[in-house]
Amino acid sequence: PPKYPWDVTSGLFSSFDHASVRRGYEVYKNVCAACHSLQYVAYRELVGQTHTEEEAKAEAEEAMIEDGPDAQGNYFKRPGKLSDYIPSPYPNEEAARAANNGAYPPDLTYITMARHGGQDYVFSLLTGYCDAPAGVTLQEGQHYNPYFPGGAIGMAQALYNEIIEYSDGTPATQSQLAK
């Protein structure tokens, strides 16, 4: 992937654009969470980064978390708490593969650290969908993306202009959504 000039510095005085990080969470929640997990992120980690404590508590309470067992040995659902982790959209890997034509959607918690090219790769992947070049044959359920190793990816293009509406009114272009 090409190298992009991100508005993030590294080192002792590094900082994040918290408004941008919040928009990223909005994209995850409204688009990516349908298939991908953030299984290593607890709702408490949103406090001070993307949400106030009250907002993070409300976000957690929207999720119904499986808990238990109770005194009779039964599992039950309860509203989430700040200490709970963001639940996966699937109960297990087999269910995820069955719902995605055999492809397993990776957890996104550490995705930029897990891929060569980091955030440049993720941005390029999300914005790089195009028609397959002549001579490239894709199987059913595959899509062409030159940034994915081998070019054939099971994930369809997910980001389009104005697919969501940001809470802060930022225009939701495909590029902005991927960023």
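Residues numbered from 1 in each chain as written. Predicted model: local features only at pLDDT ≥ 70, side-chain atom pairs only at ≥ 80, totals over all residues. Heavy atoms only, no water.

Note the cut-off: UniProt positions are given in the numbering used here, feature names are shortened, and annotations may be inferred rather than shown by experiment.
The protein is annotated in an unreviewed UniProt entry as Mitochondrial cytochrome c1 from Nilaparvata muiri. Heading Sequence similarities (unreviewed entry) of the UniProt record for the protein holds this comment: "Belongs to the cytochrome c family."

1. A word on the environment of K179
What counts is decided by this rule: Working definition: helices are DSSP H or I runs of at least four residues, strands are E runs of at least two. Numbering for both runs from the N terminus. Burial classes follow relative accessibility: with a 1.4 Å probe on protein chains only, a residue under 20% of its type's maximum area counts as buried, one over 50% as exposed, and anything between as partly exposed.
Note on placement: K179 falls in the segment after helix 6 (174-178). Owing to a relative accessible area of 46%, K179 belongs among the partly exposed residues under this scheme. Sequence-wise, K179 and T109 are 70 residues apart; in three dimensions their C-alpha atoms are separated by 16 Å.

2. Considerations on the environment of H18
For clarity, the cut-off: Whether two residues are in contact is decided by their heavy atoms, any of which lying within 4.5 Å being enough.
Locating H18 in the fold gives a position in helix 1 (residues 18-30). Judged by its relative accessible area of 36%, H18 is partly exposed. Residues H18 and T50, spaced 32 residues apart in sequence, show a C-alpha to C-alpha distance of 6.0 Å. Discounting residues that sit within four places of it in the chain, H18 has contacts with G48 and Q49.

3. A look at the UniProt feature "binding site: heme c" (unreviewed entry) in the protein
We count it as follows: Here a cavity denotes grid points, spaced 1 Å and computed from the protein atoms alone, that fit a 1.4 Å probe unable to get out, and a pocket denotes an open set having protein on both sides within 12 Å along at least 5 of 7 lines; residues with an atom within 4 Å of a point are the lining.
Those places that UniProt annotates as "binding site: heme c" (unreviewed entry) correspond, in this numbering, to C32, C35, H36 and M155. A maximum C-alpha distance of 10.7 Å is found for the annotated residues, which run over 124 residues; spatially they form one tight group. In the annotated set above, the residues contributing to the lining of the second largest pocket are C35 and H36. Dropping the residues within four chain positions of it, C32 is found in contact with V27 and L108. Here H36 shows up in the loop between helix 1 and helix 2 (53-62). Here H36 falls in the buried class, since its relative accessible area comes to 10%. If near-sequence neighbours (up to four positions away) are discounted, H36 is found in contact with Y28, P89, P105, P106, L108 and M155.

4. Re the packing of aromatic side chains
Rules: Side-chain rings of Phe, Tyr and Trp (the six-membered ring for Trp) are treated as a pair once their centres are within 6.5 Å; stacked means planes under 30 degrees apart, edge-to-face means over 60, and tilted covers the remaining angles. Charges are assigned to positions over rings by a cutoff of 6 Å between ring centre and Lys NZ or Arg CZ, combined with an angular limit of 35 degrees from the ring normal.
Evaluation of the coordinates by the stated rule reveals five aromatic pairs. Ring centres 4.8 Å apart and planes at 65° place the aromatic pair Y4 and F123 in the edge-to-face group. Note that Y4 is positioned in the segment before helix 1 and F123 in helix 5 (residues 118-127), a separation of 119 residues in sequence. A relative accessible area of 11% means that F123 is categorised as buried. An aromatic cluster of at least three residues, connected via ring pairs, comprises Y4, W6 and F123. Looking at R23, its charged tip hangs above the ring of Y166, at a distance of 5.9 Å from the centre.

5. Examining the layout of surface pockets
Selection criterion: Grid points are joined across faces, edges and corners, and a volume is the space filled by probe spheres set on the points. Put simply, Ala, Val, Leu, Ile, Met, Phe, Trp, Tyr, Cys and Pro go in the nonpolar bin, Asp, Glu, Lys and Arg in the charged bin, and everything else, Gly too, in the polar bin.
A volume near 360 Å³ is recorded for the second largest pocket. Lining of the second largest pocket is provided by 20 residues; of these, S88, P89, Y90, P91 and N92 occupy positions nearest its centre. Of all the secondary-structure elements, those providing two or more residues to the lining of the second largest pocket are strand 1 (64-67) and helix 3 (93-99). When residues of the lining of the second largest pocket are assigned to their parent elements, the largest contribution, three residues, is made by strand 1. Its residues placed into classes, the lining of the second largest pocket shows eleven nonpolar, five polar and four charged.

6. Some remarks on the UniProt feature "domain: Cytochrome c" (unreviewed entry) in the protein
Under the feature "domain: Cytochrome c" (unreviewed entry), the UniProt entry names residues 19-171. Secondary structure within residues 19-171 divides into 28% helix and 8% strand; the distance between the first and last C-alpha atoms comes to 13 Å.

7. Focus on unusual backbone geometry
The omega angle of the peptide bond from G68 to P69 is 5°, so this bond is cis rather than trans. One can find P69 in the loop between strand 1 and strand 2 (76-79). For E162, which is not glycine, the phi torsion reads 60° and is therefore positive. If you trace the backbone, E162 turns up in the loop between strand 4 (152-153) and helix 6. A residue is classified by how much of its surface remains accessible, and E162, at 67% relative accessible area, is exposed.

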